[in-house]
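This is what each chain is made of:
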Amino acid sequence: MKMIKRLTSALLAAAVAVSMAAASGITAHAEEICLTGAAPAKVSGLTATARSTSVTLKWKKVSGAGGYKIYRCESSTGKWKGIKNIKSGSTVKFNSNGLKKNTAYKFRVKAYKKSGEKTVVGKPAGVSVRTKKSMTPAAENGRLRVKGANIYNAYGAKFQIRGMSTHGIMWEKYDDILSASSLKVLRDDWGVNTIRIAMYTEEWGGYTTDPEYARQAKVKVINGVENAKKLGMYVIIDWHVLKDKDPNKHADQAVAFFSEMSRRYKGYNNVLYEICNEPNGGVGWSSIKPYAEKVTRAIRANDKKGIIIVGTGTWSQDIHEPLKDRLSDKNTVYTLHFYAGTHTDWLRDRFKDCYSKGLPILVSEFGTCDASGNGGFNSAQTKTWLTLLDQKKVGYCNWSASDKNETASAFRTGTDLSKIRSGTSQLTQSGKLIRSWYRKHK
Ligand code: IDC
């Protein structure tokens, strides 16, 4: 009994000495002797979850590891390649991005630690996995978030919105494009990952002009969001300020609307809130910012994660204004709109400057023609813009997925928007250009 007691206290004293030494940064001599050369244990519990272009690896933390080395081998080539060295000893998860669809991969993870000058590496754990053939955009990418000047998916890769905007959902039957069958064609035949629901605030059955219009418009928005969700597409709810010029004019209604939407959609991972399409008429950032703060507060009271899109002055061209006066909400992007026939090098230069200074930008609307939406189809300028945005991985939505008789429309006049067909037979020159561009990236 006495013996055991004495032993226990001796052990306790040793433990205290070691931990004191560790705390003071001195390595205990005894520890050095027993650890030199001893490799960390083999990683255990390694699993791989495949999507179509990325894989998430998870494993159990290895005690004493200083980091992990990760290797990948595409089975068709049989060659192993070191793809990542994670230095934090506590990391037990890694996303491997940019993989080919429907392809077999093997991964290896080895724990390592530094021993003096040397790195000692444990035995590899391995796992095999096959990426999926295809997945919906939202299943593939999960919840989007803003980081630096870009939008990222849930697995740490930059994500580019490629969307179509409706025309005004209260105009004619332009909300028909929100049917599940038409959205599916946009998703599968075009490669569209996002639908933007344009709800005018003043023009043509505008939300703020009559409570009955507001009620009808809301039903259409909800229908569109639900169909997008079923199809795994992202959806932008757009408070389409235009004629009203100053978003502050209907700020109370905007707050009430976005408060209701964010309460409804806080659990969805596919909803983005665009709170003012295009401030104009000389309304600058100093007026837009307090409006954005008000609406952001209303949204964040319910939905902490959905991305907020904020319009900028001069029909969403003045992105340089918020550059030096950013909103505090980190999950916000700033709107830039271009119409290819009107906005050329000078606006591209502004875009490049703001992007390079870290401003997160979304082109939530662009047209292939001049700013009137009619006339001046300009394929060359459209391609110059889209090439630039693709280089920076900045997203865009085309105006518009409608059949109105104007140049910006993607569909020929008289197309039944509720049942669009795959292929190009129903498309205008603008629709053909957009579809083929989006398909390249599918
Ligand atoms: C245009 C529509 C047109 C409609 C007009 C209403 O294409 O049919 O009569 O609005 O004022 C924008 C706006 C967008 C415009 C579009 C083309 O966001 O509402 O749509 N545009 O003018 N900004 C720049 C161009």
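Residue numbering note: each chain is counted from 1, following its sequence as written. Side-chain atom pairs in this predicted model are given and counted only at pLDDT of 80 or more, local residue features only at pLDDT of at least 70, and totals for whole chains, interfaces and linings cover all residues. Side-chain metrics rest on all non-hydrogen atoms present in the structure, leaving aside hydrogens and water.

A. Seen up close, the sheet that holds strand S1 (residues 47-50). In spatial order, the strands read S1-S2-S5; together these three strands make up an open sheet with antiparallel pairing. The open sheet is flanked by S1 and strand S5 (93-96), the only strands paired with a single partner. Across the sheet, the axes of successive neighbouring strands diverge by a mean angle of 20°, strand direction being ignored. Paired strands are those between which DSSP finds at least two bridges. Helix and strand labels come from DSSP, where a helix needs a run of H or I of at least four residues and a strand needs a run of E of at least two; each type is numbered from the N terminus. Where strand S2 (residues 55-58) meets S5, four bridges bridge the pair, whose relative direction is antiparallel. Counterpart to Leu57 in the pairing with S5 is Phe94. Axis angles are defined between N-to-C directions and span 0 to 180 degrees, where every axis is a line fitted to C-alpha atoms and, for a helix, only to the segment in contact.

B. Fine view of the site of the ligand. When we say a residue is near a molecule or strand, we mean one of its heavy atoms is within 4 Å of it. The full set close to the ligand counts 16 residues, and Tyr200, His240, Glu278, Lys404 and Glu406 are the nearest of them. Definition of a polar contact: a pair of N or O atoms within 3.5 Å, with one able to donate and the other able to accept a hydrogen when the atoms are protein atoms, and with sequence-neighbouring residues admitted only if both atoms are side-chain atoms. In this structure, a nitrogen atom belonging to the ligand sits 3.3 Å away from a side-chain N or O atom of Tyr339. Here an oxygen atom of the ligand and a side-chain polar atom of Lys404 are 2.7 Å apart. Its free accessible area being 510 Å², the ligand has 83% of it covered by the protein chains. Only protein atoms enter the 1 Å grid used here, on which a cavity is any set of points holding a 1.4 Å probe that cannot leave and a pocket is any open set flanked by protein within 12 Å on both sides along at least five of seven lines; residues with an atom within 4 Å of a point are listed as lining. Criterion for pocket placement: a molecule counts as inside a cavity or pocket if more than half of its atoms are within 2 Å of its grid points. Comparing atom positions with the cavity grids shows the ligand to sit within the second largest pocket. Note that accessible areas follow from Shrake-Rupley with a 1.4 Å probe, and for residues the cover is restricted to the protein chains shown.

C. Expanded view of the packing of helix H10 (residues 345-356) against helix H11 (residues 379-392). Put simply, H10 and H11 touch, their axes get as near as 12 Å, and they point 5° apart. With respect to each other, H10 and H11 are oriented roughly parallel. For the pair formed by H10 and H11, the contact residues are Leu347, Arg348, Phe351, Lys352 and Tyr355 on the first element and Gln381, Thr384, Trp385, Leu388, Leu389 and Lys392 on the second. Should an angle lie under 35 degrees it is considered roughly parallel, over 145 roughly antiparallel, and from 65 to 115 roughly perpendicular; all remaining angles are considered oblique. Every residue pair with non-hydrogen atoms within 4.5 Å of one another is taken to be in contact.

D. Region of interest: empty space enclosed by the protein. Grid points are joined across faces, edges and corners, and a volume is the space filled by probe spheres set on the points. Overall, the coordinates contain three cavities of 30 Å³ or more when judged by the stated rule. The computed volume of the largest cavity comes to approximately 50 Å³. If you trace the largest cavity, you find it lined by Ala149, Asn150, Ile151, Phe159, Ile161, Val333, Pro360, Ile361, Leu362, Lys393, Val394 and Gly395. Within the lining of the largest cavity, the residues separate by chemical class into nine nonpolar, two polar and one charged. Estimates place the volume of the second largest cavity at around 40 Å³. Forming the boundary of the second largest cavity are Arg143, Leu144, Tyr234, Asn269, Asn270, Val271, Leu272, Lys305, Gly306 and Ile307. Throughout this entry, Asp, Glu, Lys and Arg are counted as charged residues, while Ala, Val, Leu, Ile, Met, Phe, Trp, Tyr, Cys and Pro are counted as nonpolar. The remaining residues, Gly among them, count as polar. Class assignment for the residues of the lining of the second largest cavity results in five nonpolar, three polar and two charged.

E. Geometry of a positive patch on the surface. A patch consists of residues exposed above 30% relative accessible area that lack any salt bridge, with like charges linked at up to 9 Å and nonpolar side chains (Val, Leu, Ile, Met, Phe, Trp, Tyr) linked at up to 5 Å. Within this document, salt bridges are pairs made up of a side-chain nitrogen of Lys or Arg and a carboxyl oxygen of Asp or Glu, the two lying within 4 Å of each other. Charge counting treats Lys and Arg as positive and Asp and Glu as negative, with His and both chain ends excluded. By convention, the charge on Lys lies at NZ, on Arg at CZ, on Asp at CG and on Glu at CD. Residues Arg145, Lys147, Lys158 and Lys393 make up a contiguous surface patch of positive charge. Structurally, Arg145 is set in strand S9 (residues 145-147).

F. Spotlight on the nonpolar core. Counting 84 residues, the largest nonpolar core has Met164, Leu186, Trp190, Ile275 and Phe411 as its most contacted members. Here, nonpolar core refers to any group of buried Ala, Val, Leu, Ile, Met, Phe, Trp, Tyr and Cys residues whose side-chain atoms link them within 4.5 Å. Note on classification: 1.4 Å probe, protein chains only; a residue is buried when its accessible area is under 20% of the maximum for its type, exposed when over 50%, partly exposed between these limits. Core analysis: the second largest hydrophobic core is formed by 20 residues, Leu46, Tyr105, Ala111 and Ala125 among them.

G. Up close: the pattern of salt bridges. Enumeration according to the criterion identifies 20 salt bridges in this entry. Of the charged contacts in the structure, one is a salt bridge between Asp390 and Arg162, with a shortest N-O distance of 3.3 Å. Here the residue Asp390 occupies a position in helix H11, and Arg162 occupies one in strand S11 (residues 162-165), the gap between them amounting to 228 residues. Exposure remark for Arg162: the relative accessible area of 8% places this residue in the buried category. What you see here is one network of salt bridges that share partners, running through Arg196, Asp238, Glu274 and Glu365.

H. A look at the pairing of strand S6 (residues 104-115). Strand direction decides the pairing type here: strand S3 (residues 67-74) and S6, joined by eight bridges, are antiparallel. Looking at the pairing, Cys73 lines up with Lys106 of S6. With six bridges joining them, S6 and strand S8 (residues 125-130) adopt antiparallel strand pairing. What sits directly across from Ala104, in S8, is Arg130.

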